[in-house]
Amino acid sequence: MKITFYGHACLGIQINDVHILVDPFISGNPKALAIDINTLEADYILLTHAHQDHILDVETIAARTSAVIVSNYEIATYYEKKGFEHHPMNHGGSWDFEFGNLKYVNAIHTSSFPDGSYGGQPGGFVIEGEHKNIYIAGDTALTFDMKLIPLQTKLDLAILPIGDNFTMGINDAIIASDFLECDKVLGYHFDTFGYIEIDHEAAKRKFFEKDKDLMLLEIGEFIEL
């Protein structure tokens, strides 16, 4: 499993020959100017919620790649009406895709489209791949529901928002990793704009002091599990 960070909360995940794109907000991110959305591969696009900083490039990429858009019922049907391939889900539900089992789990946040229309309830995703399991939290506060995930899935990586103000910050992300029983964390949703700028070294040090590993990737950088 290869995971590439495209800035903010956007990720590219490759599982075998399947390409998954998560929350594509690239063209509007001044920190991600080096990423060309016209070259990104996508068989599936996973959307955690409807805010503009998570869906901005969905239609451009899906129109070119014919990717299947996977999200909550309201978001999926929104794109269905625009003629895009889609797969609706809701909290607690799971589905076996060609890349593995995907479960839509709870997140505490808000969700509306840029025009103010209802974007359903926000969520996160648990992916159980052939060899590795990951949790993509989406935009969320710390929640006790995270404790439910390790009851069914042993995680190899937790991808958590760490920018604070709109989501969890560093201290809550450390607690979240305890709830998830996963000490390997990839941080995202940080530094894009002033409200969510963080001190990288201080953040890593706080995780290290708890015997945990926080990875902060540069835009375009990837890890392999």
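Criteria and cut-off values
- Residues numbered from 1 in each chain as written.
- Predicted model: local features only at pLDDT ≥ 70, side-chain atom pairs only at ≥ 80, totals over all residues.
- Heavy atoms only, no water.
- 1 Å grid on protein atoms, 1.4 Å probe; cavity = no way out; pocket = protein on both sides within 12 Å on 5 of 7 lines; lining within 4 Å.
- Points joined across faces, edges and corners; volume = space filled by probe spheres on them.
- Helix = DSSP H or I, 4+ residues; strand = E, 2+ residues; numbered from the N terminus.
- Nonpolar A, V, L, I, M, F, W, Y, C, P; charged D, E, K, R; others polar.
- Core = buried A, V, L, I, M, F, W, Y, C linked by side-chain atoms within 4.5 Å.
- Buried < 20%, exposed > 50% of the residue type's maximum accessible area, 1.4 Å probe, protein only.
- Contact = heavy atoms within 4.5 Å.
- Phe/Tyr/Trp six-rings, centres within 6.5 Å; stacked < 30°, edge-to-face > 60°.
- Pairing = 2+ DSSP bridges.
- Axes fitted to C-alpha atoms, helices over the stretch in contact; angles between N-to-C directions.

1. Some points on the layout of surface pockets
So, point 1. Estimates place the volume of the largest pocket at around 280 Å³.
So, point 2. Around the largest pocket sit 16 residues that line it, and Lys103, Val105, Leu148, Ile149 and Gln152 are the ones nearest its centre.
So, point 3. Secondary structure elements with two or more residues in the lining of the largest pocket: β8 (100-106), β9 (123-128) and α4 (149-152).
So, point 4. A total of five residues in the lining of the largest pocket trace back to one element, the largest contributor, which is β8.
So, point 5. A class-by-class count of the residues in the lining of the largest pocket yields seven nonpolar, six polar and three charged.
So, point 6. Its boundaries defined by the atoms lining it, the second largest pocket holds a volume of some 200 Å³.
So, point 7. Around the second largest pocket, the lining is made up of 14 residues, and of these Thr4, Tyr6, Gly12, Gln14 and His19 lie nearest the centre.
So, point 8. A breakdown of the residues in the lining of the second largest pocket according to their chemical character gives six nonpolar, six polar and two charged.

2. Considering unusual backbone geometry
So, point 1. One non-glycine residue, His8, lies in positive phi territory at about 55°.
So, point 2. Phi at Asp211 takes a positive value of approximately 60°, unusual for a residue other than glycine.
So, point 3. Summarising the element assignment, Asp211 is placed in the loop between α6 (200-209) and β13 (213-215).

3. Observations concerning the nonpolar core
It is characteristic of soluble globular proteins that their nonpolar side chains tend to be buried jointly.
So, point 1. Ranked by size, the top nonpolar core spans 54 residues in total, and within it Ile3, Ile13, Tyr135 and Leu160 carry the most contacts.
So, point 2. Per-element tally for this core: the top contributor is helix α5 (residues 170-180), with six residues.
So, point 3. Ignoring anything within four residues of it in the chain, the contact list for Tyr135 reads Val105, Asn106, Phe125, Val126, Met146, Ile149, Leu155, Leu157, Ala158, Ile159, Leu160 and Leu180.
So, point 4. One finds Leu21, Ile37, Ala67 and Tyr79 within the second-largest nonpolar core, a separate group that totals 22 residues.

4. Description of the packing of aromatic side chains
So, point 1. In the structure shown here, the tally under the stated rule is 12 aromatic pairs.
So, point 2. Seen in terms of ring centroids, Tyr78 and Phe113 are 3.9 Å apart; in terms of plane orientation they differ by 20°. Their pairing is stacked. Here Tyr78, found in helix α3 (residues 73-80), pairs with Phe113, found in the loop between β8 and β9; they are 35 residues apart in sequence, far enough to count as distant.
So, point 3. Ring geometry for Phe166 versus Phe193: centroids 6.2 Å apart, planes at 75°, classification edge-to-face. Of the two residues, Phe166 sits in the loop between β11 (157-161) and α5 while Phe193 sits in the loop between β12 (184-188) and α6, which places them 27 residues apart along the sequence.
So, point 4. Classification of Phe166 by relative accessible area gives partly exposed; the value is 41%.
So, point 5. On the basis of relative accessibility, which here comes to 29%, the residue Phe193 falls in the partly exposed class.

5. Here's the deal with the sheet that holds strand β2 (residues 11-15)
So, point 1. The strand order across the open sheet formed by seven strands is β6-β5-β4-β3-β2-β1-β14, and the pairing between neighbours is mixed. The sheet is open, and its two edges are formed by β6 (86-89) and β14 (222-224), each paired on a single side. For this sheet the average axis-to-axis angle between neighbouring strands, irrespective of direction, equals 20°.
So, point 2. As defined by bridge partners, strand β5 (residues 68-72) adjoins β6 across four bridges and the pair is classed as parallel. Bridging from a neighbouring strand, Ser71 pairs with Pro88 of β6.
So, point 3. Along the sheet, helix α2 (residues 58-65) contacts β3 (18-22), β4 (44-46) and β5; its crossing angle with β4, the most-contacted strand, is approximately 160°.
So, point 4. Across the face of the sheet, α3 comes into contact with β5 and β6 while running at roughly 145° to β5.

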